[in-house]
Amino acid sequence: MRELTEETGVDPTDVAPTSHVPMYVEYGKVPARPDKGEPEHFHLDFGYCFTTACADVGSIQESEVAGAAWYPLGEAERLVGHRIARSLRASA
């Protein structure tokens, strides 16, 4: 929740996680980013799914994300895959 609000400006009182368990975990090598002073390193990413009826995307943290938006489930599945629907079914 902290990362969601920090990086997208979404009000945390306007969203609910579909599960307290990540919908995915990814691990991989990240190339060096000299412009940010970061050497090559490994990154562990935990992905969560949130739902909302009224949350607006606020000011995004452009150093971390390129953009943020809310999508209906079908469109979100098309963009990032079926793991979102699995997360929603698991929370039901």
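The preceding data block contains the structure.
All of these numbers come straight from a predicted model, not from anything done at the bench.

**So, the state of the cysteines**
Reasoning step 1: Following the criterion strictly, the structure yields zero disulfides and no others.
Reasoning step 2: For Cys-49, which is in no disulfide, the shortest distance to another cysteine sulfur is to Cys-54 and amounts to 16 Å.
Reasoning step 3: Judged by relative accessible area, which is 10%, Cys-49 ranks as buried.

**A closer look at the environment of Gly-74**
Reasoning step 1: Among the structural elements, Gly-74 can be located in helix 2 (residues 73–80).
Reasoning step 2: Distance from Gly-74 to Glu-62, taken between C-alpha atoms, is 26 Å for residues twelve residues apart in sequence.

**A few points about the environment of Gln-61**
Reasoning step 1: Relative to the assigned elements, Gln-61 resides in the loop between strand 4 (50–52) and helix 2.
Reasoning step 2: Among the residues examined, Gln-61 registers a relative accessible area of 27% and is labelled partly exposed.
Reasoning step 3: Once the C-alpha coordinates of Gln-61 and Glu-38 are considered, the two residues, 23 residues apart in sequence, prove to be 18 Å apart.
Reasoning step 4: Discounting residues that sit within four places of it in the chain, Gln-61 has contacts with Glu-6 and Glu-7.

What counts, and at which threshold
- Residues numbered from 1 in each chain as written.
- Predicted model: local features only at pLDDT ≥ 70, side-chain atom pairs only at ≥ 80, totals over all residues.
- Heavy atoms only, no water.
- Disulfide = S-S within 2.5 Å.
- Buried < 20%, exposed > 50% of the residue type's maximum accessible area, 1.4 Å probe, protein only.
- Helix = DSSP H or I, 4+ residues; strand = E, 2+ residues; numbered from the N terminus.
- Contact = heavy atoms within 4.5 Å.

Any functional reading would require information beyond the geometric quantities listed.
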